[in-house]
Amino acid sequence: MLGPDDVRRAMTRMAHEILERNRGLDGVVVLGIQVGGVWLAERLAAEIAAIDRAVPVGSIDAALYRDDIGLRPVSPAARSDVPVDLGGATVVLVDDVLFTGRTVRAALDAVADYGRPRTVQLAVLVDRGHRELPIRPDYVGKNLPTSAHEEVRATADGVEIVERPAGAA
Amino acid sequence: MKHLRSIEEIGTDGVLRLLDLTDTMVEVNRRPNPRVPALRGKTVCNLFFEDSTRTRLSFETAAKRLSADVMTFTVGTSSVNKGESLRDTIETVAAMGVDAFVVRHGSSGVPWQVSRWTTASIVNGGDGWHGHPTQALLDAYTVRTALGRTGGLDGLRVAIVGDIRHSRVARSNVEVFTALGADVTLVAPATLLPPAPPAPTTADLDEVIEKVDVLYLLRMQQERMQEALVPSLREYSARFGLTAQRAHRLPEHALVMHPGPMNRGVEILVDPAELPGAVITQQVTNGVAVRMAVLFELLGAGRDVPTESTP
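Residues numbered from 1 in each chain as written. Chains lettered and ligands numbered in written order. Predicted model: local features only at pLDDT ≥ 70, side-chain atom pairs only at ≥ 80, totals over all residues.

Once that is clear, we can look at the overall build of chain A. Helices and strands together make up the secondary structure of chain A, namely three helices and seven strands. Its helices and strands taken in sequence order, chain A reads α-β-α-β-β-α-β-β-β-β from the N to the C terminus. For a compact globule of 169 residues, the expected C-alpha radius of gyration is about 15 Å, and chain A comes in at 15 Å, within 12% of that figure. The C-alpha extent of chain A, read off along each of the three principal axes, is 50 × 35 × 30 Å. Counting all 169 residues of chain A, 44% fall into the buried class. (Helix = DSSP H or I, 4+ residues; strand = E, 2+ residues; numbered from the N terminus. Rg over C-alpha atoms; globule rule 2.2 N^0.38 Å. Buried ≥ 20, exposed ≤ 12 C-beta atoms within 10 Å, placed from the backbone.)

Okay, here's the thing in structure tokens:
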């Protein structure tokens, strides 16, 4: 679907959009959502630094804020690392794939426990549709129409759509 | 993971998983508002048939920081005194809707018995001389972070000193440290060793003190004197206590640990505040985070359910 070059170009474009939308980088903090958003947040922060200057980058673990706790496994080692006070900040949340919106909803609650940002924006590499909550991204690498039983895998090497293994809901 | 009744039950993988999850909980506890909504709507019942203020408060704090509802009852306030059987007590409380029981009891094996009478998860908060798995986990976590390890504790030399025979803490700690790859030595007079010691033993603390990475002191209980298992507290201190001289002979990096409450002047004859390697306060702090990890793993982690494509 997307190759490594496409991913790189999409990240560069999103970095420019973040600068443009915020008229600079004052108060901008980039936070990757654990687990899949973390490498992307680092890449995005590197792109931003290459264009203008370095911004604080961290991660946010939404597992303890989900609305489906007990229904799915959690990954233990993931944890939040918020390097600065988020009060008054412009937080750019980063995730690899935007699907139902539930992870982002949980991440918004997690962010709120660290302070009251002036604004929170959402950057995703892939928007695959099927939202279940009123959540929309501010920066999108690629809109990718999918069916609900497909799975989207996003890495630095690219993005691919695979059929879910048989038996999975 | 459904229950935590012993270290053996969860195995090395379970131990490592809980220690990793504890990192997440430590981060939560460092926040100005150390509370997350993870276990909203879940009820945790602390059933303490034997009083232990620190373990009870630690579990209560852990449950509250995960937003669970907590019920606590100790024998003194329950109808156990009116002749209600253990089974009736469990079934009555379970009927109120409990997702997890933390059980502390003076008899070994009670957590297993309780799990036959309820579908709730069971956490062993200490059973007789048998085990105290959350204490062992918090000790392993304290060692791991204090020595900057990330995975297991391969090759680490741990000496556990004191009344091994009557200590559930010793038993669970041997299991957890051994599971993580450490070499454990038990230091005690022969009268305070169990018939089949779970690790190599010695009666000479001075022989091992220069070669340990972790010195773990157990609480020496007064009633052992009445049973004539040790001649006197003074003699015990002289042979097995951490004196100033012995403290000097500890390797510089060595940690000194104690499950609390300490008998100052018996097993520890120096002020722990002046021992650079003492991590006794960290043990208490980490206890809350480890118990949060345990409760979250049992009640919130989910099992065998396929994941969505969004991580």
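The next point concerns the environment of Gly300 of chain B. All names here are of chain B. On the secondary structure map, Gly300 appears in the segment after α11 (280-299). In this structure Gly300 comes out as buried when scored by C-beta crowding, with 21 C-beta atoms within 10 Å. In this structure the C-alpha to C-alpha distance between Gly300 and Lys42, which are 258 residues apart in sequence, comes to 9.2 Å.

Residue and element names in this part refer to chain B. In the sheet, strand β5 (residues 157-161) pairs with strand β6 (residues 183-187) via five bridges, with the strands oriented parallel. Bridging from a neighbouring strand, Ile160 pairs with Leu186 of β6. Note on the crossover from β5 through helix α6 (residues 168-179) to β6: the handedness is right-handed. Bridge count between β6 and strand β7 (residues 201-202): two bridges; the pairing is parallel. The residue bridging Leu186 from the neighbouring strand is Thr201, located in β7. (Pairing = 2+ DSSP bridges. Right-handed = clockwise from strand over helix to strand, strands pointing away.)

Time to look at the nonpolar core. Of all hydrophobic cores here, the largest spans 143 residues; its most connected members are Leu44 of chain A together with Ile160, Val161, Leu215 and Leu295 of chain B. Per-element accounting of this core gives the leading share, 10 residues, to α11 of chain B. Contacts of Val161 of chain B, omitting those with residues within four sequence positions, involve Val187, Ala188, Leu205, Leu215, Tyr216, Leu217, Leu218 and Phe240 of chain B. (Core = buried A, V, L, I, M, F, W, Y, C linked by C-beta atoms within 7 Å. Contact = placed C-beta atoms within 7 Å.)

Hydrogen bonds between backbone atoms are what pair the strands of a sheet, whose relative direction is either parallel or antiparallel. Residues and elements named next belong to chain B. The four strands lie next to each other as β2-β1-β3-β4, forming an open sheet whose pairing is parallel. Of all strands in the sheet, those with a lone pairing partner are β2 (69-74) and β4 (121-127), marking the two edges. When strand polarity is set aside, the average angle formed by the axes of neighbouring strands in this sheet is 15 degrees. Strand direction decides the pairing type here: strand β3 (residues 100-105) and β4, joined by five bridges, are parallel. Bridge assignment links His105 to a residue of β4, and that residue is Asp127. (Axes fitted to C-alpha atoms, helices over the stretch in contact; angles between N-to-C directions.)

Moving on to α6 of chain B. Residues and elements named next belong to chain B. Helix length check: α6 (12 residues) gives 17 Å between terminal C-alpha atoms against 16 Å at 1.5 Å per residue, within 8%. With 11 of 12 residues buried, α6 is to be regarded as a mostly interior element. Residues Arg168, Val169, Ala170, Arg171, Ser172, Asn173, Val174, Glu175, Val176, Phe177 and Ala179 constitute the buried set of α6. In this structure, the buried side of α6 is in contact with α1 (7-30), β4, α5 (133-146), β5, β6 and β8 (214-217). (Expected span 1.5 Å × (residues − 1).)

Another aspect to go through is the domain arrangement of chain B. All names here are of chain B. Taken domain by domain, chain B consists of domain 1 (7-132 + 285-299) and domain 2 (133-280). For domain 1 and domain 2, the distance between their C-alpha centroids amounts to 25 Å. Contact with domain 1, which involves 23 residues of that partner, is made by 21 residues of domain 2. For the side of domain 1 that touches domain 2, the residue count by class is eight nonpolar, 11 polar and four charged. (Domains from an automatic or database assignment. Nonpolar A, V, L, I, M, F, W, Y, C, P; charged D, E, K, R; others polar.)

All right, on to unusual backbone geometry then. Note that the residue after Gln34 of chain A, namely Val35 of chain A, is joined by a cis bond; omega there is 0 degrees. The topology assignment puts Val35 of chain A in the loop between β1 (28-33) and α2 (38-51). The step from Gly260 of chain B to Pro261 of chain B runs through a cis peptide bond, and the omega angle for that step is -15 degrees. The residue Pro261 of chain B is located in the loop between β9 (255-257) and α11 in this model.

Below, the discussion takes up the pairing of strand β2 (residues 57-60) of chain A. Residues and elements named next belong to chain A. Of the two faces of β2, the one carrying Val57 and Ser59 and the one carrying Gly58 and Ile60 are both buried. Inspection of the sheet shows β1 paired to β2 by four bridges, in the parallel sense. Paired with Leu31 across the two strands is Gly58, which belongs to β2. Once the chain exits β1 it traverses α2 before rejoining the sheet at β2, and the crossover so formed is right-handed.

Our next topic: the packing of helix α1 (residues 4-21) of chain A against α2 of chain A. Residues and elements named next belong to chain A. Two numbers describe how α1 lies on α2: the axes approach to 9 Å, and their chain directions differ by 65 degrees. Pair α1 / α2 crosses with right-handed handedness. Residues Met11, Thr12, Met14, Ala15, His16, Ile18 and Leu19 of α1 lie in contact with α2, whose contacting residues are Arg43, Leu44, Glu47, Ile48 and Ile51. Of the residues in the contact of α1 with α2, the class split is eight nonpolar, two polar and two charged. (Left-handed = near helix turned anticlockwise from the far one by under 90°.)

The next thing to look at is the confidence of the model for chain B. Mean pLDDT over chain B works out to 92, with 94% of the residues at or above the 70 mark. Scoring the predicted complex yields pTM 0.89 and, for the interface, ipTM 0.80. (pLDDT = per-residue confidence, 0-100.)

The strand order across the open sheet formed by five strands is β7-β6-β5-β8-β9 (chain B), and the pairing between neighbours is parallel. At either end of the open sheet lies a strand with only one pairing partner, and these are β7 and β9 of chain B.

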